[in-house]
Every structure is written in C-alpha cells, then in structure tokens.
Amino acid sequence: MARLVFDPDEQAALRADARDHAITDPGVAYVLELLASEGVDLEKSADWEDLRTRAGLPAREPSSAA
C-alpha cells in the first residue's frame, strides 16, 4: 500500500491552517487535520480524468486544459 505522509513541519503547517479554518469552515479544518494525521492513501486515489469519466463527463479537449 502506497501512502503519502507529511514530515513534522508539514504536519504542523496543516494543523495551523486547520486551526485557522476551525470556526469559519470546519469541514476544511477536518480535512486538513486528517491529512496531517493520516496522509493520503495513494491506492484509493484517482486522477481528474478518471473522476470525469466516472461522472459521465466527456474527456477534456487539449485546448481547454489550463
């Protein structure tokens, strides 16, 4: 299982951002704290085009990519 983890300084920065968002946007605060504590399971990740396909959206045209 591949997992992206953050070093202690990055974890501290994520947690500081979570505290900043705790009152105004608790959902963002929760996600930031979760990222700091658990990292990201890359096996469960999907790229943008896979998500578009699953949602039934057409593939992006190369000219529309920013």
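Just so you know, these numbers come straight off a predicted model, no measurement behind them. (Residues numbered from 1 in each chain as written. Predicted model: local features only at pLDDT ≥ 70, side-chain atom pairs only at ≥ 80, totals over all residues. Heavy atoms only, no water.)

Tracing the chain through its elements places L4 in strand β1 (residues 3-4). According to the relative accessible area criterion, L4 is partly exposed, its value standing at 41%. The contacts of L4, once residues within four sequence positions are left out, are G39, V40 and L42. (Helix = DSSP H or I, 4+ residues; strand = E, 2+ residues; numbered from the N terminus. Buried < 20%, exposed > 50% of the residue type's maximum accessible area, 1.4 Å probe, protein only. Contact = heavy atoms within 4.5 Å.)

On to a nonpolar patch on the surface. Among the surface-exposed residues, Y30, V31 and L34 lie close enough to one another that they form a single nonpolar patch of about 280 Å² accessible area. The residue Y30 is located in helix α2 (residues 26-38) in this model. In this structure Y30 comes out as exposed when scored by relative accessible area, which is 55%. (Patch = residues over 30% accessible without salt bridge, like charges linked within 9 Å, V, L, I, M, F, W, Y side chains within 5 Å. Areas by Shrake-Rupley, 256 points an atom, 1.4 Å probe, with all protein chains shown as cover. Salt bridge = Lys/Arg side-chain N within 4 Å of Asp/Glu carboxyl O.)

For the protein chain, the average pLDDT comes to 89, and 92% of its residues sit at 70 or higher. Per-element confidence in the protein chain is highest for helix α1 (residues 8-21), whose mean pLDDT is 97, and lowest for helix α3 (residues 48-54), whose mean pLDDT is 87. (pLDDT = per-residue confidence, 0-100.)

With respect to the helices and strands, the residue D41 is situated in strand β2 (residues 40-41). Within the buried set, D41 has no salt-bridge partner at all; the shortest N-O distance to an opposite charge, 4.1 Å, is to R3. There is a polar contact of 3.1 Å between the side chain of D41 and the backbone nitrogen of E43. (Lys, Arg positive; Asp, Glu negative; His and termini not counted. Polar contact = N/O pair within 3.5 Å; in protein donor to acceptor, adjacent residues only side chain to side chain.)

Take the packing of α1 against α2 next. Two measures define how a pair of helices packs: the angle their axes make with one another and the distance between the axes. The N-to-C vectors of α1 and α2 enclose an angle of 165°; their axes lie 8 Å apart at closest approach. Considering the angle they form, α1 stands roughly antiparallel to α2. Where α1 crosses over α2, the two elements pack in a sense that is left-handed. Mapping the contact onto sequence places Q11, L14, R15, D17, A18 and H21 in α1 and P26, V28, A29, L32, E33, L35, A36 and S37 in α2. (Axes fitted to C-alpha atoms, helices over the stretch in contact; angles between N-to-C directions. Parallel < 35°, antiparallel > 145°, perpendicular 65-115°, else oblique. Left-handed = near helix turned anticlockwise from the far one by under 90°.)

Turning our eyes to something else, we now look at the pattern of salt bridges. Tallied over the entire structure, the rule returns two salt bridges. Between E33 and R15 there is a salt bridge, with the nearest N and O atoms lying 3.1 Å from each other. Taken together, the residues E33 in helix α2 and R15 in helix α1 connect sequence positions 18 residues apart. A salt bridge links R52 to E49; the nearest nitrogen and oxygen atoms lie 4.0 Å apart. Here E49 and R52 lie together in helix α3, a separation of three residues that amounts to about one turn.

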